[in-house]
Amino acid sequence: MSIQQALDALRTDTPSRVAAAADLEQLAAVEAETVGKRSIIAEGRRSLGAVPETDRKDLGRAINEVAVELESLIATRRAELERSAHAAALASDAVDVTLPGRAPKRGTIHIIQQALDEVVDIFVAMGYTVATGPEAETEYYNFTALNFPPAHPTRLESDTLYLDYGDVPEEILLRTHTSPMQARYMEQHDPPVYLVVPGRTYRSDPLDPTHSPVFHQVEGLAVDTDITFGDLKGVLEHFAREFLGPEAKVKFIPHFFPFTEPSAEMHVWHNGDWMELLGCGMVNPAVFEAVGYDPDEVTGFAFGMGADRLAMARHGITDLRHLFDPDLRSMEQYR
Ligand code: DAH
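Note that the structure is predicted; figures quoted are calculated from it, not measured.

Caption draft 1: Focus on the environment of Cys-280. Residue placement: Cys-280 occurs in strand 9 (residues 273-283). Put simply, Cys-280 and Ser-16 are 264 residues apart on the chain and 99 Å apart in space, counted from C-alpha to C-alpha. When near neighbours in sequence (up to four residues on either side) are disregarded, Cys-280 contacts Leu-232, Leu-236, Phe-252, Phe-257, Thr-260, Pro-262, Ser-263, Ala-264, Ala-302 and Phe-303.

Following this line, the structure appears as structure tokens:
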């Protein structure tokens, strides 16, 4: 095959090969074979020297024409492929701003915490201050300062979770109620006192529908020059109506607590039944003496309520264990 014939074949075959090159890499291969260093075109140019002078010019022009034609064909195809590669890159990078977003999971305030917060808010609105105390408490503040006699049954290990701190001068325990803060607060502050203490409390109880070794209370204490049992009833009735609704009915039943005298339980009418909500009473003068207040100068009332029970009443929950269910779905219902 003469060079001319090879050039003709090249001219006929190349356009379809260029058109068939699906990407820049394939096009580069076609380019190398057709106009590259080892192509017929390059070979033809190299052989020109050996061609008789008369034919040389024509052959040289013919080679150049084919080369220019093919090179422009390849350049056009290259531009085309580059454009579509760019478009494909843009398309694969595209962000669809109309897609729904991935919202972060919203947390829930636990309904016990909601109840604690609400109780505190109701008393803060009446001018009460808020304080919290240690959950690991000394036997003195948990019992002795509150007038519990040395042999009182709740001091027993069967009722109370004692902590082992080794050889310490005084037993340390997980507080069985929030009442120790009454004594701690009065030791640090002169009267008048209007105080609420929300917090976690512990007893040696197995977990069952109505008991939990960990539970929550809100303690209250009002001390002033002439506080009466009427004040206690008025404040706690107001609280019950604020928390449970204006129809909430309450009744007081005589009870005994070492740190109040007289003492009572307040029950509320809820869901067709009486529910015990809190213990309360007039601060026992023995407690005033223990904290350095003069019982002839001040009187006061105190109360302690179960916050877990309030949360259950609010939401109609009948089994306490649901409150401590680690399955988030149980608490997510109460946003
Ligand atoms: N601390 C008591 C309890 O846990 C509740 C209580 C009763 C608190 C009478 C008081 C009170 O402040 O005056 O059972």
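From this point, the discussion proceeds with the structure in view.
Caption draft 2: Focus on the pairing of strand 6 (residues 214-224). In terms of burial, strand 6 is largely enclosed, as nine of its eleven residues are buried. Of the pairings in the sheet, the one linking strand 5 (residues 193-202) to strand 6 comprises ten bridges and is antiparallel in character. Bridged to Tyr-194 within strand 6 is Ala-222. Taken together, the eight bridges between strand 6 and strand 10 (residues 299-306) define a ladder with antiparallel strand orientation. Within strand 10, the residue paired with Val-218 across the bridge is Met-305.

Caption draft 3: Highlighting the site of the ligand. Within the structure, the ligand sits among 15 residues, and His-177, Gln-182, Arg-203, Gln-217 and Glu-219 are positioned closest to it. One of the side-chain N or O atoms of Ser-179 is found 2.9 Å from a nitrogen atom in the ligand. Protein burial of the ligand: of its 350 Å² of free accessible surface, 90% is covered by the chains. Those elements that place two or more of their residues in the shell around the ligand are strand 6, strand 9 and strand 10. Here the shell around the ligand is built from residues that sort into five nonpolar, eight polar and two charged.

Caption draft 4: Up close: the environment of Asp-327. Relative to the assigned elements, Asp-327 resides in the loop between helix 10 (307-315) and helix 11 (328-332). When the C-alpha atoms of Asp-327 and Asn-271 are compared, they prove to be 27 Å apart, with 56 residues separating the residues in sequence. At a separation of 2.7 Å, a polar atom in the side chain of Asp-327 contacts the side chain of Arg-329.

Caption draft 5: Quick look at the sheet that holds strand 9. Read from one edge of the open sheet, seven strands run 1-5-6-10-9-8-7, paired in mixed fashion. Looking at which strands have only one partner, the edges of the open sheet turn out to be strand 1 (129-130) and strand 7 (250-257). In this fold helix 7 (residues 180-188) packs onto strand 1, strand 5, strand 6 and strand 10, with an angle of close to 40° to the strand it touches most, strand 6.

Caption draft 6: Inspection of unusual backbone geometry at higher detail. The linkage connecting Pro-191 with the following residue, Pro-192, adopts the cis geometry, with an omega of 0°. Along the polypeptide, Pro-192 turns up in the loop between helix 7 and strand 5. Cis geometry marks the peptide bond from Glu-261 to Pro-262, where omega comes out at -5°. Position of Pro-262 relative to the elements: it lies in strand 8 (residues 260-270).

Here is what the cut-offs are and how they apply
- Residues numbered from 1 in each chain as written.
- Predicted model: local features only at pLDDT ≥ 70, side-chain atom pairs only at ≥ 80, totals over all residues.
- Heavy atoms only, no water.
- Helix = DSSP H or I, 4+ residues; strand = E, 2+ residues; numbered from the N terminus.
- Contact = heavy atoms within 4.5 Å.
- Buried < 20%, exposed > 50% of the residue type's maximum accessible area, 1.4 Å probe, protein only.
- Pairing = 2+ DSSP bridges.
- Near = heavy atom within 4 Å.
- Polar contact = N/O pair within 3.5 Å; in protein donor to acceptor, adjacent residues only side chain to side chain.
- Areas by Shrake-Rupley, 256 points an atom, 1.4 Å probe, with all protein chains shown as cover.
- Nonpolar A, V, L, I, M, F, W, Y, C, P; charged D, E, K, R; others polar.
- Axes fitted to C-alpha atoms, helices over the stretch in contact; angles between N-to-C directions.

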